[in-house]
Every structure is written in C-alpha cells, then in structure tokens.
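Close look at the chain arrangement
Letter by letter, the chains look like this.
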Amino acid sequence: MKSRFAALAFAVAALTACAHAGPGGAAPRQAVPGQPTALARGDSLALPDGARLRFAAVSADSRCPPKLQCVWAGDAVLAFEFTAADGARTPLSFNTVSDPRHSAGAWTIEVQGLDFADPPNATLKIEAK
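First, a word on scope: everything that follows refers to the structure included in this document.

Calculation criteria
Residues numbered from 1 in each chain as written. Predicted model: local features only at pLDDT ≥ 70, side-chain atom pairs only at ≥ 80, totals over all residues. Heavy atoms only, no water. Helix = DSSP H or I, 4+ residues; strand = E, 2+ residues; numbered from the N terminus. Disulfide = S-S within 2.5 Å. Buried < 20%, exposed > 50% of the residue type's maximum accessible area, 1.4 Å probe, protein only. Pairing = 2+ DSSP bridges. Phe/Tyr/Trp six-rings, centres within 6.5 Å; stacked < 30°, edge-to-face > 60°. Lys NZ or Arg CZ within 6 Å of the ring centre and 35° of its normal. Polar contact = N/O pair within 3.5 Å; in protein donor to acceptor, adjacent residues only side chain to side chain. Contact = heavy atoms within 4.5 Å. Salt bridge = Lys/Arg side-chain N within 4 Å of Asp/Glu carboxyl O.

1. Remarks on unusual backbone geometry
Following Asp118, the chain continues to Pro119 via a peptide bond in cis, the omega torsion being 0 degrees. Within the secondary structure layout, Pro119 lies in the loop between strand 8 (107–114) and strand 9 (121–128).

This is the structure:
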C-alpha cells in the first residue's frame, strides 16, 4: 500500500511540475532587463511584469558560415512569440541585419546575435520601454 501511495504522490508531483513548466517542458528563466541573454530554440524567458518571450524558430538563415569567405555576410530571420501578462499572444519576426529590434508590451527586444550551433542560440537584450 505504501508503494502505491508513493507512486501516486510522485506522479502527481511530476504532472504538477509539467503544468507549471512551459511548452518546452522546462520552466522559463527569469529575464534580467539590460543584460544579454542566450536563448535556445523552444526556450522561454519570463519577464518581470509576468509576460513571456519564447524563441520559436529560425525561419530563414543565409549567413556565411565561419571560416568561409563569402561575398555577402547574409542574415537570418528569427520567429518569437510574446505572451503578455494577460495571456494575449503576439508573433514577432526579427531580421538579424535589417530589423533586429521590436517593441512588445512594456519591452524593447533586440536580437544581438545568432550563433552557429545546431540548433543556433539567439542572444537577446530586453529593456523596459
């Protein structure tokens, strides 16, 4: 009987943790405004006002790989999802060269870089408006 109770308690605790985690399964990290933050695809950041920012995808990437000589450095397009504290969701699209900065809610979000990892990690700077 004790082992059944322990198994049930473990299952309830695991489900509760998953319910509070984000779509990727891990709880979002807390953003520190003004500090550059690396974010992997699928990860989320919790903002101080209760909003969240999730790195959804790299929808286009024509950047010149490291150690190659290219005529054009290229750029990348990154898709994010901003969820306001009230639950309203807004898609955001950033171009690393021509459109790296957007406003969402009370925040200004800037893509400062995209590494060449597989999958790539984005470096963001988030500041209050």
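Here the narrative resumes, following the displayed structure.
2. Topic: the state of the cysteines
Think of a disulfide as a covalent bridge from one cysteine sulfur atom to another cysteine sulfur atom. Counted according to the given criterion, the structure contains one disulfide. Here Cys64 is linked by a disulfide to Cys70, with a sulfur-sulfur distance of 1.9 Å. Across the disulfide from Cys64 to Cys70, rotation about the S-S bond amounts to roughly 75 degrees, and the bridge is consequently right-handed. We classify Cys64 as buried; its relative accessible area is 16%. A relative accessible area of 37% places Cys70 in the partly exposed class.

3. Here's the deal with the pairing of strand 2 (residues 37–40)
Taken residue by residue, a regular strand's side chains alternate between the two faces of the sheet. By the alternation rule, side chains of strand 2 split into Thr37 and Leu39, which are all buried, and Ala38 and Ala40, of which none is buried. In terms of strand pairing, strand 2 meets strand 9 through four bridges, oriented antiparallel. Within the sheet, the bridge partner assigned to Ala38 lies in strand 9 and is Thr123.

4. Some points on the packing of aromatic side chains
Inspection of the entire model under this criterion finds two aromatic pairs. Judged by centre distance (4.8 Å) and plane angle (15 degrees), the rings of Phe55 and Phe80 are stacked. Note that Phe55 is positioned in strand 4 (residues 52–61) and Phe80 in strand 5 (residues 76–83), a separation of 25 residues in sequence. In this pair, the class of Phe55 matches that of Phe80, namely buried. Here Phe80 and Phe94 contribute two aromatic rings whose centre-to-centre distance is 5.4 Å and whose plane-to-plane angle is 85 degrees, an arrangement assigned as edge-to-face. Placement of the pair is Phe80 in strand 5 and Phe94 in strand 6 (residues 89–95), with a sequence separation of 14 residues. Both residues of the pair, Phe80 and Phe94, count as buried. An aromatic cluster of at least three residues, connected via ring pairs, comprises Phe55, Phe80 and Phe94. Over the aromatic face of Phe116 sits the side chain of Arg63, whose NZ or CZ is 3.9 Å from the ring centroid.

5. Concerning the side chain of Asn95
Within the secondary structure, Asn95 sits in strand 6. Assessed through its relative accessible area of 13%, Asn95 is described here as buried. Here the side chain of Asn95 touches Ser98 through a polar contact of 3.0 Å, landing on its backbone nitrogen. Look past the residues within four positions of Asn95 in its chain and what remains in contact with it is Asp75, Ala76, Val77 and Pro100.

6. Thoughts on the pattern of salt bridges
Per the counting criterion, the structure on display carries five salt bridges. Here Asp61 and Arg63 are joined by a salt bridge, their closest N and O atoms 2.8 Å apart. Asp61 gets classed as partly exposed once you look at its relative accessible area, which sits at 41%. For the salt bridge of Glu81 with Arg89, the shortest nitrogen-to-oxygen distance reads 3.6 Å. Residue Arg89 is classed as exposed on the basis of its relative accessible area, which comes to 60%. Through salt bridges with shared partners, one network takes in Arg54, Glu81 and Arg89.

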